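Structural overview
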Amino acid sequence: MLELRKDIFADERDDNLKEIGKGTQRQDMLGHVTGTSNYFNDHKLQGMLHLKVVRSTQAHARIRRIDTTEAERSAGVRRIIRGTDVPVNLNTLLSLINFGKDDEPSLAVDKVRYKGEPILAIVADSEREAFEAIAKVKVDYEPLPAVFDVEDALKPGAPVVNETYPKNAFIYHDVYDHQRLRFGDADAALASADHVLEQRYQMSPIEHAPTETNGAIAAPDTNGRYVVYTSTQALFFSVDTCAKILDVPSNTFHFIGGTVGGGFGGKVDTLTEPLAILGAMLTGRPVRYVFGREEEMQYGPPRGAERIYIKDGVMRDGRIVARKIRAYFDSGAYTRLSSYAAVKCAAHLPGPYTIPNVYGDVYCVFTNRTPATAMRGFGVTAMDFAIECQMDKLANLVGMDPMEFRILNAYRDGDMKAHRREAKNTALIECVQVAAEKAKWPIRDEFRRASSRKDGGGSRAAIPPTPTESRARPAAPAQQRTSYDRAPVTATREPPREPPPPPTTPPPPPPRPSAPSHGATRFSSVFGTRRR
Amino acid sequence: MTRHRGRGMASINYPIGMNLGGDPSQALVHSNPSGKFTVALSSIDLGQGMKSVTRQICAETLGVPVEDVYVDTADSDTGPHCMGSFASRGTHRVGNAVMAAAREARGVMMEAAAEELEVNAADLETDGRGNIHVKGAPHRSISTKDVAIAAQFKQGKTISGRGIFLVPLSNVDPETGEMSPATCYAHACLVAEVEVDDETGDVAMVRMDSAYELGRALNPRLVEQQLVGGAWMGVSHALYETPEPYYPDPVHGPRDFVEYLMPGPGDICPHDIAVLERPAPDGPFGAKGPGEMCANPVLPAVANAIFNAVGVRIDDLPITPEKVLRAIKAQGGARPQARR
Amino acid sequence: MSKIPLQFRHNGRDVAIFVDGGTNLLVALRELIGDMTPKFGCGQGGCGTCSVLIDGELHLSCLTLAETVAGRSIETLDGMKQGPNLHPLQRAFADHFAAQCGYCTPGMLMAAKALLDRNPSPSRDEVIEAISGNICRCTGYEPIINAILAAASGRVSA
Ligand code: FES
Ligand code: FES
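From a predicted model like this one, the values you see are computed outputs, not experimental measurements. (Residues numbered from 1 in each chain as written. Chains lettered and ligands numbered in written order. Predicted model: local features only at pLDDT ≥ 70, side-chain atom pairs only at ≥ 80, totals over all residues. Heavy atoms only, no water.)

1. Here we look at the overall build of chain C
Per the secondary structure count, chain C includes five helices and five strands. A compact globule built from 158 residues would reach a C-alpha radius of gyration of about 15 Å, and chain C, at 16 Å, matches this within 12%. Taken across its 158 residues, chain C has 54% of its residues classed as buried. Nonlocal contacts in chain C, meaning residues at least 24 apart in sequence, comprise 55% of its contacts between residues at least 6 apart. (Helix = DSSP H or I, 4+ residues; strand = E, 2+ residues; numbered from the N terminus. Rg over C-alpha atoms; globule rule 2.2 N^0.38 Å. Buried < 20%, exposed > 50% of the residue type's maximum accessible area, 1.4 Å probe, protein only. Contact = heavy atoms within 4.5 Å.)

Take a look at the structure:
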């Protein structure tokens, strides 16, 4: 049951619109109920081949040898694709926006970093024949110690998961192994708070579990182009990622999609398109690569786990005076999008409350598990779980009703947020009031009368004096690797500290995006020459 | 065995249209000779209703009925650039781009109509039913179909428009985290009522009451779809789902829907929702975006309700019967808190 | 590989195809008949997106060997419309906004039809039981349940 509360904020809206605000039927509903909505897999192409991948059985291992002799002779096999066949076999998704370093191969060459990592792709006449050939591939592994816990991964001497980030953490601004948020003096405020509560929260990984699994069909088209039917939820993200991996201009591809059987963030990573297109390039035939359900569940990227520590200082009257947070995003073996989520998470602190002293460190950590990716509420869902459980505990601690406790601490128009932007257009208080009313949860009059539009700003608009910390020297950017794993990992030492900069120093200039990275340049065994 | 009821709540906000990548979305709108309009996008409808909500935005901006607009999504040859449907960008980013494109197309349409009616374009208005008339003189009117035909065959004009919505990239300060990550925020508060069985640790949902503030509900039915489905997903995250049941030990991962648990149709509960609308200054018609944030308040509200019911705090998700039972045992039995 | 000839009724029409041994009915319908309404969601019997009726009974086509339907009658969503008109269940699903991504919808509708064909006025619990083999990741089930109840009681739009 949904009720529109038009009475609230009515003075800020013009409700005299013709089409906006109506419960118009969905444009796609007729297609859905008649089964005529076209998903990527509903395209049947003449002579279509099927691609399946050989996945690592190890969480962390060197690959000593891959023996495909028997698989090549297996019935129906058209082509076996190795990492060396991939024109640019190293990528990171956010290189498209110049964020992060290329760290993930399409097909592992020398080393596998998680169980399920693709090693070979087999293109065959039928899925069944592809599976039969997969069973005949022999991979000789040399197991390496693996690390699965985010805090273990950051300890000195932990196994190096991903050599691009030898300390198992994404590097922010070429300086820190975490994203910082600093607002006021949290330590001082904690020292003078009436109560201090420190807690640990753990969010599980989550599988997106769309009813349609990830997949793509690629087919040679006229003029040397390829048509690609895809389940992607990020069309040009996928087009540009494929162009980079396959080292061709992006208009080589005609991507068609747009009707997708659920995504929730799990269809951003462009996992099936590059290999399906490469299969079509190498065989000259349409190639389909669809995840099976087990692949989707175990090796399709999940929402990553997060571990969060919160330390709050609260006064007897219920005002929260300090919030200190340390959060670890479990990115799995590669970066994908977790690096971005950590920044988004830092900006989200301390939740929708005005707290004068906030301190946050958010880490994106590499472990030997399936790389994580975006999911509905990315970077925020777990933090909200932690913050709101903590809020309940704090309310209990000071003996306040949890609704009233929220309203007391809620941010209001004109307040300064911890990421140093003014809060505008806020409505937390009204949501709490209406939810309380709906649930028949009594709150006292003074809280019923509170408003997001009143009593904010003023002293709450100030940026508090924030102690400066010693600043680490920029770490040398990790090298872009062309040969993945053979070079021994050089031990990196803690960079020497510099004296703290004087407080008047303006913040350092934002890091300049480097030239678009296009990963390792490889002589392509596919085309004989590097195409451009 | 006793079943204990408890209530818990949580309140949240959520950034809409994340902008740490600075990536814009584009849209193209053009009329057909029939006076109907096509919106070309490369944005994706993955169930959230992208096609439908942009269709309404386009119709409202053009001043034509919604049936006269068709939205074509996700063809990289015809749809202009859009990075994708994520980070609550659909309604906000793409909606703004469609609005800009429709505004431009409307400008041409009104010029063409002015030429036919021999008046000044500024004196014309649309009636939202497919006609354009002189303000205050509804009889001096022309249908959008006739305008489209005249523009095409007589005047040599294309009734079309281009739209892009770009918010410049926000830099992030390495030391303080100062940044402009998003341009508006949606809000919510949710109350969950649960029943906890102190013998099995099983948690059953009893009901949910919520208030969501979403800027403007462009289509309340679509909003309802997101909020109902999203809250279900929140319950699922809170109580059921995990691909790694012994995280961080990566063992016993589920391989199918039998092993990966989610609430079925028999596990759902009534959910009463109120929608508040505080228009976002930079949203299309003030809209924010309900799709992503709707699950978020459910997880903590359920955890807090479990505490209220039996007095145990489970800070590790998902809150399985095993964890509840162990916690109840550890504290020597259920300790129901003050009833709310 | 030798092919097996197979004949059955598909939405009221006789069809004949050749299948490989081991081919399941879902693949036969989609790839050999060209009926794309049953969907692949798991191939493991876990999700119900591939649901079809075989002689009026609900089955998971991904777990049904194609050979076993010889001479039998298969119904899929492709055959649900009554001429040009939507079936009341289809109308009810639309009225209730009971689809978002729409990928579970074909299976849900077949499960619902199997129920209403044998029990025209089911209780809410019976509806829940009837669709409990079908996963929907988007809607939270509530609108689907309501749509089926509405179709059963004739409360659908014209
Ligand atoms: S595809 Fe048949 S049950 Fe999932
Ligand atoms: S509507 Fe998407 S799975 Fe049901």
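There's plenty left to go through after this.
2. What about the packing of aromatic side chains?
Across all of its chains, the model carries 14 aromatic pairs over all chains by this definition. For the pair F237 of chain A and F86 of chain B, a centre-to-centre distance of 5.9 Å together with 80° between the ring planes defines the contact as edge-to-face. Here F237 of chain A, found in helix α6 (residues 235-246), pairs with F86 of chain B, found in the loop between β4 (69-72) and α2 (90-117), and the two come from separate chains. For the pair F237 of chain A and F86 of chain B, one class covers both residues: buried. Ring centres 5.9 Å apart and planes at 80° place the aromatic pair W232 of chain B and Y141 of chain C in the edge-to-face group. In this pair, W232 of chain B sits in helix α4 (residues 220-239) while Y141 of chain C sits in the loop between α4 (124-130) and α5 (142-152), so the two residues belong to two different chains. Residue W232 of chain B shares its accessibility class with Y141 of chain C, and that shared class is buried. A connected cluster of aromatic rings, assembled from ring pairs, spans F99, Y165, F170, Y172 and F366 of chain A. Above the face of the Y185 of chain B ring, K417 of chain A is positioned so that its terminal group lies 3.4 Å from the ring centre. (Phe/Tyr/Trp six-rings, centres within 6.5 Å; stacked < 30°, edge-to-face > 60°. Lys NZ or Arg CZ within 6 Å of the ring centre and 35° of its normal.)

3. Remarks on the UniProt feature "domain: Aldehyde oxidase/xanthine dehydrogenase a/b hammerhead" (unreviewed entry) in chain A
In this numbering, the UniProt entry assigns the feature "domain: Aldehyde oxidase/xanthine dehydrogenase a/b hammerhead" (unreviewed entry) to residues 34-145 of chain A. What you have in residues 34-145 of chain A is 12% helix and 30% strand, and the ends, taken at the C-alpha atoms, are 52 Å apart. (UniProt positions renumbered as here; feature names shortened; annotations may be inferred.)

4. Let's talk about the sheet that holds strand β11 (residues 271-276) of chain B
With mixed pairing, five strands are arranged side by side in an open sheet as β1(A)-β11(B)-β10(B)-β9(B)-β1(B). The two strands at the open ends of the sheet, each matched to only one other strand, are β1 (2-4) of chain A together with β1 (3-16) of chain B. The average angle at which neighbouring strand axes cross in this sheet is 15°, direction not considered. In the sheet, strand β9 (residues 184-197) of chain B pairs with strand β10 (residues 203-213) of chain B via ten bridges, with the strands oriented antiparallel. Looking across to β10 of chain B, one finds that E195 of chain B is bridged to A204 of chain B. (Pairing = 2+ DSSP bridges. Axes fitted to C-alpha atoms, helices over the stretch in contact; angles between N-to-C directions.)

5. Here we look at unusual backbone geometry
All names here are of chain A. Cis geometry is adopted by the peptide bond preceding P350, which originates at L349 and carries an omega value of 5°. Examined against the element boundaries, P350 turns out to sit in the loop between α9 (338-348) and β16 (358-366). In the Ramachandran plot, F9 falls in the positive-phi region, its phi being about 60° despite a non-glycine side chain. When you line up the elements, F9 lands in the loop between β1 and α1 (29-34). Here A209, not a glycine, exhibits a phi torsion of approximately 50°, which is positive. Counting through the fold element by element, A209 comes out in the loop between β9 (195-203) and β10 (215-220).

6. Describing the packing of helix α2 (residues 88-95) of chain C against α5 of chain C
The relative placement of two packed helices is expressed as an angle between their axes plus a distance between the axes. Residues and elements named next belong to chain C. At their nearest, the axes of α2 and α5 sit 8 Å apart, and the two run at 140° to each other. Taken together, the axes of α2 and α5 lie oblique to each other. The element α2 and its partner α5 pack so that their crossing is right-handed. Contact residues: α2 offers P88, L89, A92 and F93, while α5 offers I144, A147, I148 and A151. The residue inventory of the contact of α2 with α5, partitioned by class, reads eight nonpolar, no polar and no charged. (Parallel < 35°, antiparallel > 145°, perpendicular 65-115°, else oblique. Left-handed = near helix turned anticlockwise from the far one by under 90°. Nonpolar A, V, L, I, M, F, W, Y, C, P; charged D, E, K, R; others polar.)

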